[in-house]
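# Notes for the structure review
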Amino acid sequence: MQIKGTIKVFAILLALVCLYQLSFTLVTRTVENKAEKYSKGEYVMNELGTLKTGDVLRDEKIKDSLT
């Protein structure tokens, strides 16, 4: 009967370790998605949208400085 308890504890600990290792995968996926968006220029366009003033020449200078 004691062996069943030991096996249950071992299984629970193994499951916790697996979840801990999978958490790194989720964090990595999030960072890679952000990097991909940045590389495609979506980040720059979002920043440009917040900095727009209506002055065409100034907006172009801002866009050039961000890229």
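Keep in mind that what you see is a predicted model, and the values were worked out from it rather than measured. (Residues numbered from 1 in each chain as written. Predicted model: local features only at pLDDT ≥ 70, side-chain atom pairs only at ≥ 80, totals over all residues. Heavy atoms only, no water.)

Our focus in this paragraph is the overall build of the protein chain. The helix and strand tally for the protein chain stands at three helices and zero strands. For the protein chain, the sequential pattern of α-helices and β-strands runs α-α-α. Buried positions account for 6% of the 67 residues belonging to the protein chain. Of the roughly 6200 Å² of accessible surface on the protein chain, a fraction of 65% belongs to carbon and sulfur atoms. (Helix = DSSP H or I, 4+ residues; strand = E, 2+ residues; numbered from the N terminus. Buried < 20%, exposed > 50% of the residue type's maximum accessible area, 1.4 Å probe, protein only. Areas by Shrake-Rupley, 256 points an atom, 1.4 Å probe, with all protein chains shown as cover.)

Before going further, it helps to examine the environment of Thr30. Relative to the assigned elements, Thr30 resides in helix H1 (residues 2-39). The exposure class assigned to Thr30 is partly exposed, which follows from its relative accessible area of 42%. A polar atom in the side chain of Thr30 sits 3.0 Å from the backbone oxygen of Leu26. (Polar contact = N/O pair within 3.5 Å; in protein donor to acceptor, adjacent residues only side chain to side chain.)

The next thing to look at is the packing of aromatic side chains. In the structure shown here, the tally under the stated rule is one aromatic pair. Consider the rings of Tyr20 and Phe24, whose centres lie 5.0 Å apart with planes at 80°: the pair is edge-to-face. On the criterion of helical spacing, the pair formed by Tyr20 and Phe24 is a turn pair, its members being four residues apart in helix H1. Judged by its relative accessible area of 43%, Phe24 falls in the partly exposed class. (Phe/Tyr/Trp six-rings, centres within 6.5 Å; stacked < 30°, edge-to-face > 60°.)

Another aspect to go through is the confidence of the model for the protein chain. Per-residue pLDDT for the protein chain has a mean of 83; in total, 87% of the residues score no lower than 70. Put simply, helix H2 (residues 42-51) is where the protein chain has its lowest mean pLDDT, 70, and H1 is where it has its highest, 92. (pLDDT = per-residue confidence, 0-100.)

Where nonpolar side chains cluster on the molecular surface, the patch consists of Val9, Ile12, Leu13, Leu16, Leu19 and Leu22 and spans about 600 Å² of accessible area. Its location among the elements puts Ile12 in helix H1. (Patch = residues over 30% accessible without salt bridge, like charges linked within 9 Å, V, L, I, M, F, W, Y side chains within 5 Å. Salt bridge = Lys/Arg side-chain N within 4 Å of Asp/Glu carboxyl O.)

An ideal rise of 1.5 Å per residue puts 56 Å on 38 residues; H1 measures up with 56 Å between its terminal C-alpha atoms. Of the residues one or two after H1, Gly41 is the one with positive phi, at around 90°. (Expected span 1.5 Å × (residues − 1).)

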